[in-house]
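So the chains spell out like this:
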Amino acid sequence: MGIDGYIGWPLSLRLLREGHEVTGMDNFYTRKRVREVNSDSALPIGSMKKRISDASSSGLGEIKFFRGDVSNSEKLHEVIKATEPEAVVHLAEQRSAPYSMLGLKQAKETMVKNIVSTINLVYEVKDQVPDCHILKLGTMGEYGTPNIDIPEGFFDIEYRGRKDHLPFPKNAGSWYHWTKVHDSNNLMFANRVWNISVTDVMQGVVYGTRTEEISDPDLYTRFDTDEVWGTALNRFCAQAVAGLPITPYGKGNQARGFLSLEDSVSCLALGISKPPKKGEYRVYNQFDEYYTVNHLAKTVQEVYGEETGKIAEIKHVENPRVEMEDHYYNPENQKLKDLGYRRKRELRQEISIILEDLSRYRDRILKHRDSIMPRTLWKA
Ligand code: USQ
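Calculation notes
- Residues numbered from 1 in each chain as written.
- Predicted model: local features only at pLDDT ≥ 70, side-chain atom pairs only at ≥ 80, totals over all residues.
- Heavy atoms only, no water.
- Helix = DSSP H or I, 4+ residues; strand = E, 2+ residues; numbered from the N terminus.
- Buried < 20%, exposed > 50% of the residue type's maximum accessible area, 1.4 Å probe, protein only.
- Contact = heavy atoms within 4.5 Å.
- Polar contact = N/O pair within 3.5 Å; in protein donor to acceptor, adjacent residues only side chain to side chain.
- Near = heavy atom within 4 Å.
- Areas by Shrake-Rupley, 256 points an atom, 1.4 Å probe, with all protein chains shown as cover.
- Nonpolar A, V, L, I, M, F, W, Y, C, P; charged D, E, K, R; others polar.
- Pairing = 2+ DSSP bridges.
- Axes fitted to C-alpha atoms, helices over the stretch in contact; angles between N-to-C directions.
- Parallel < 35°, antiparallel > 145°, perpendicular 65-115°, else oblique.
- Left-handed = near helix turned anticlockwise from the far one by under 90°.

J.: How do you make sense of the environment of Asn319 when you look at a structure like this?
T.: Positionally, Asn319 belongs in the loop between α10 (293-308) and α11 (335-339). Residue Asn319 is classed as buried on the basis of its relative accessible area of 6%. Considered as a pair, Asn319 and Arg375 are 56 residues apart in the sequence and their alpha carbons are 9.7 Å apart. Discounting residues that sit within four places of it in the chain, Asn319 has contacts with Tyr249, Gly250, Gln254, Glu325 and Lys379. Polar side-chain contacts of Asn319 include one of 2.9 Å to the side chain of Glu323.

J.: Honestly, the site of the ligand in this entry has me stumped. Any pointers?
T.: Around the ligand lies a shell of 22 residues, among which Thr139, Tyr176, Ala232, Thr247 and Glu323 are the nearest. In the environment of the ligand, an oxygen atom lies 2.8 Å from a nitrogen or oxygen atom belonging to the backbone of Gly141. Contact distances for the ligand include 2.6 Å between an oxygen atom and a side-chain N or O atom of Tyr176. Considered on its own, the ligand offers 730 Å² of accessible surface; in the complex 94% of this is hidden by protein. Put simply, the parts of the chain that give the shell around the ligand at least two residues each are α7 (175-194) and α8 (232-242). Among the elements that take part in the shell around the ligand, α8 stands out by supplying 3 residues, more than any other. Taken together, the residues that form the shell around the ligand break down as 9 nonpolar, 8 polar and 5 charged.

J.: How do you make sense of the pairing of strand β4 (residues 133-139) when you look at a structure like this?
T.: On a regular strand, each side chain points to the face opposite its neighbour's, so the side chains alternate between the two faces of the sheet. Among the 7 residues that make up β4, 7 are buried, leaving the element largely enclosed by the rest of the structure. Side chains of β4 alternate between two faces, with His133, Leu135, Leu137 and Thr139 and Ile134, Lys136 and Gly138 buried alike. Relative to β4, strand β3 (residues 87-90) runs parallel, the two sharing 4 bridges. Opposite Val88, over in β4, you have Ile134 as the bridge partner. With 7 bridges connecting them, β4 and strand β7 (residues 197-203) associate as parallel partners.

J.: Explain helix α2 (residues 29-36) to me, please; I cannot follow it from the model alone.
T.: Think of an α-helix as turning once every 3.6 residues; residues three or four places apart then point the same way. Three or more residues of α2 are buried, namely Tyr29, Thr30, Arg31, Arg33 and Val34. Of the surrounding secondary structure, the elements contacted by the buried residues of α2 are β1 (22-26), α3 (48-57), α5 (97-100) and α6 (104-128). Within two residues after α2, Asn38 carries a phi angle of roughly 55 degrees, on the positive side.

J.: Please clarify how the sheet that holds β4 should be interpreted in this entry.
T.: The parallel open sheet is built from 4 strands, whose spatial order is β3-β4-β7-β10. Strands with a single pairing partner mark the edges of an open sheet, and in this sheet they are β3 and β10 (281-286). On average, each strand axis in the sheet is inclined to that of its neighbour by 20 degrees, with strand direction left out of account.

J.: Help me out: how do you make sense of the packing of α8 against helix α12 (residues 347-359) in this one?
T.: If you want to describe how two helices pack, look at the angle between their axes and the distance between the axes. Taken N-terminus to C-terminus, the directions of α8 and α12 make an angle of 50 degrees; their axes are 9 Å apart at the nearest point. By the criterion of interaxial angle, the relationship of α8 to α12 is oblique. The chirality of how α8 crosses α12 is right-handed. The segment α8 lies against α12, with Leu233, Asn234, Cys237, Ala238, Ala240 and Val241 engaging Leu347, Ile351, Ile354, Leu355, Leu358 and Ser359. Here the contact of α8 with α12 is built from residues that sort into 10 nonpolar, 2 polar and no charged.

J.: Teacher, can you tell me more about the sheet that holds strand β8 (residues 205-207) here?
T.: To summarise the sheet geometry, strands pair through backbone hydrogen bonds and adopt either a parallel or an antiparallel arrangement. Here 3 strands make up an open sheet; going across it, the order is β8-β9-β11 and the pairing mixed. Here the strands that pair on one side only, and so sit at the sheet edges, are β8 and β11 (289-292). Put simply, the sheet's adjacent strands are angled 45 degrees from each other on average, direction ignored. Judged from the 3 bridges that link them, β8 and strand β9 (residues 255-260) form a sheet pairing that is parallel. Bridge pairing in β9 places Tyr207 opposite Ser260. Contacting β9 and β11, α10 crosses the sheet at an angle of about 85 degrees to β11.

Set out below in structure tokens:
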């Protein structure tokens, strides 16, 4: 679910290559919303029909596709009935924190689409395919930036002399991030009452243009650069390539977990091939390393300088968000490693690949340059 998206598309290619039968569902919501902010994917992507045909010609295999909105329960019912999946990867949510903060309309849309899509899926699995594994994309942003270490979902707590093993408190930083918290609560409850098997993935910010399957521009996934739909490191690379300033928000000391697209797809595919036990609700923290925004801006500047001999400017801009800019950050990420996950791509190597890919599409980035500087404010 969400096969047309930044992660959905390359994950489908990976699953095909691993020999799975892949059915995708999407309503092209992201394409539409990105056009509304006068932007477009910096890497060109074709229609779903063309993408499926290109995947097939490259020898990866055949993808079945249903156009539809997962928050429409009749449509989802039809798709689950037709496919009887062994696993569903739910990537079909509104994924932008700034979009959710634009106003009441966007906040409500994010709440309804995201929470309803997950509850629809839970009911379809319970009623039609009770052994199906739900692999759901949550976010590291569910935890916020607490002044203590962040475990993977649950922690041991002693309070007034009694002990328990409880869900770690969540403290998200946008309406979008809160929808993921609500989804996690709903999935935990669905697991408890109906024994549904769930992997709830707390994923960090993803960066990159390539996975092992994206060998050719025909197989590119989307790559957003605007202030609403683009994310930190990808935006910094696009800014460097376009000759625009790299924009750490505020002091730039805020830290987040990051991972490459290749590593994201590898982790999700691993979650499918090594499902939880029947009736288990498991939570992973899915990121390779945590970095401050400043570290990423400087690293892009260095790699860009080494490769082109040119200097990319770093310009701190007033932080449009309400977030801590100096804070403790120490999340765990052991569970995926225990399942066999090993990081494949190092940061500088990946930045170099992104810069090279984007340099061919500099004009596409510059065409939408007015959408790059931040203007979506958290403050009232
Ligand atoms: N930031 C900058 N400059 C920019 C853009 C962002 O300094 O030009 C900063 C933000 O202030 C924030 C950090 O970078 O502190 C991350 O922002 P982001 O826009 O890269 O990512 P975020 O809004 O947190 O959301 C993205 C995806 C979301 C996913 C989340 C993972 O859009 O779908 O869930 O990353 S996480 O951040 O771990 O929650």
